[in-house]
Amino acid sequence: MGFDREMANRSVHGLGRGVALRGTVWPGGPAEPFDGVVVVAGDGTVAALGPAGEVPLPEDLPMLGKSGCWVGPGVVDAHVHLAFGGLAEALPGGLVAVRDLGAPMADALAWRTGPDRSPPPGRPRVAVAGPVCTAPGGYPSRSWGANGFAAFAGTPQQAGELVRRLAAAGVDLIKVALEPGPGWPVPPLVVLRAVVEAAHQGGLAVTAHALSAAMVARALAAGVDELAHTPLERLTEPLVEQIAAAGIPVVSTLHTLCAGRSAGPVASNAADLHRAGVPLLYGTDLGNAGTRPGVDPRELDRLAAAGLGRLGALRAATEGSARAAGNTGRSGLIELAGPAALVLLDADPLVEPRAWRRPRAVVCDRLLLR
């Protein structure tokens, strides 16, 4: 089940004159897959795509793949924790962008790419939240986040100051923790509203770690923009409808939430949210139990089982998660004249999701990994 460590050591090449990719082509979004070719120019843009035999190919252009392979957009993981690993394996494993939702500020800023900075060769784009905003002594400061992963605000004034400080440092979004526990205080609604107000004034969205129904209700009352997990506690129908009415997306993290516990409540919540029209975004919570670097077909399977189907799960992992707050530079689509951020797999992942475990090649940011 583990990631093939050789993947992180794949060779990285410039595109030279360009490259052609052959297989079943899925451009992303609502498009239907077709037997075709994608041509990527030397400048990293998509020069042509279309049915096999109908796309003019420059003479001596390198061709990767064949009939039976699959070409599609790279995946975006909307919830990772790079402090616990996975950055080197991300792009070779099919992830063209990730969003780190909790890390010490120095680490977060070292990973961050932002809208105007290209990633280092062989790395994905990285958006960051920096330290998690929480009550003094609150989660995660007394557990896994004891060393710089949390930032405290006990009053509305402190909340505003904290958010402005994080924004000035350069984070891409704000994360708040609403996790009751033994000796773990939770930000009251007045403080949470101050976090959201200051973030919105600074042009930033707020994602909330809220696993219980009561904390989800508090997050909604404060006006957060996203839920960072599918909640663990069973949600009532009115609460699901409230999430849908607010237009708030929910990051999946289904596989790790089901590790070591009954999958019933989490899976039922995901299904209810999907039926209500709530966007479910692909995210693994990399660094936690049961996760693995690169694209995780188990997370895609759980999204598919929630009612999205395999194509819907893939859309949630490409165009859906590419639109998650703070992400820039990725569309989750293969678009003519647009920047290429795509993968070549040995098999169709809509038939066999495990094809993601070892992509044959990744073309991204004017580079070819193979």
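Let me sum up the structure you'll find in this document. (Residues numbered from 1 in each chain as written. Predicted model: local features only at pLDDT ≥ 70, side-chain atom pairs only at ≥ 80, totals over all residues. Heavy atoms only, no water.)

1. Things to note about the overall build of the protein
Piece 1. When helices and strands are tallied, the protein shows nine helices and 18 strands.
Piece 2. A compact globule built from 370 residues would reach a C-alpha radius of gyration of about 21 Å, and the protein, at 20 Å, matches this within 12%.
Piece 3. Considered along the principal axes of its C-alpha atoms, the protein spans approximately 65 × 40 × 35 Å.
Piece 4. Taken across its 370 residues, the protein has 57% of its residues classed as buried.
Piece 5. Put simply, 66% of the contacts in the protein that link residues at least 6 apart link residues at least 24 apart.
Piece 6. Total accessible area on the protein is roughly 13,900 Å²; 52% of this is exposed by carbon and sulfur atoms.
Piece 7. Considering the protein, the positive charge centre built from 32 side chains and the negative charge centre built from 33 side chains are found 4 Å apart. (Helix = DSSP H or I, 4+ residues; strand = E, 2+ residues; numbered from the N terminus. Rg over C-alpha atoms; globule rule 2.2 N^0.38 Å. Buried < 20%, exposed > 50% of the residue type's maximum accessible area, 1.4 Å probe, protein only. Contact = heavy atoms within 4.5 Å. Areas by Shrake-Rupley, 256 points an atom, 1.4 Å probe, with all protein chains shown as cover. Lys, Arg positive; Asp, Glu negative; His and termini not counted. Charge placed at Lys NZ, Arg CZ, Asp CG, Glu CD.)

2. Quick notes on the pattern of salt bridges
Piece 1. Under the counting rule described, the total for this entry stands at 12 salt bridges.
Piece 2. Linking Asp-346 and Arg-360 is a salt bridge whose minimum nitrogen-to-oxygen distance equals 2.6 Å. Here Arg-360 lies in the loop between strand 16 (341-345) and strand 17 (361-364) and Asp-346 lies in the loop between strand 16 and strand 17, a separation of 14 residues in the sequence.
Piece 3. Asp-346 sits in the partly exposed class, given a relative accessible area of 42%.
Piece 4. Sharing partners across several salt bridges, the network here consists of Arg-234, Asp-272 and Arg-275. (Salt bridge = Lys/Arg side-chain N within 4 Å of Asp/Glu carboxyl O.)

3. Considerations on helix 5 (residues 213-222)
Piece 1. Looking at helix 5, one finds that the buried residues are Ala-213, Met-215, Val-216, Ala-219, Leu-220 and Ala-222.
Piece 2. Of the residues one or two after helix 5, Gly-223 is the one with positive phi, at around 90°.

4. Describing the side chain of Glu-226
Piece 1. If you trace the backbone, Glu-226 turns up in strand 13 (residues 226-227).
Piece 2. The buried category is assigned to Glu-226, whose relative accessible area is 2%.
Piece 3. Separated by 2.6 Å, the side chains of Glu-226 and Arg-99 make a polar contact.
Piece 4. Not counting the four nearest positions on each side in its chain, Glu-226 is found in contact with Arg-99, Val-206, Thr-207, Ala-208, Ile-248, Pro-249, Val-251, Leu-281, Ala-324 and Ala-325. (Polar contact = N/O pair within 3.5 Å; in protein donor to acceptor, adjacent residues only side chain to side chain.)

5. Focus on the nonpolar core
Piece 1. With 87 residues, the main nonpolar core has Ile-174, Ile-243 and Trp-356 as its most contacted residues.
Piece 2. Sort the elements by how many residues they give to this core and helix 9 (residues 297-322) lands first, with 10 residues.
Piece 3. Residue contacts for Trp-356: discarding those within four places in its chain leaves Trp-70, Pro-73, Val-75, Gly-93, Gly-94, Val-295, Leu-300, Leu-314, Val-343, Leu-345 and Pro-349.
Piece 4. Leu-15, Val-25, Cys-69 and Val-363 belong to the second-largest nonpolar core, a separate cluster that totals 17 residues. (Core = buried A, V, L, I, M, F, W, Y, C linked by side-chain atoms within 4.5 Å.)

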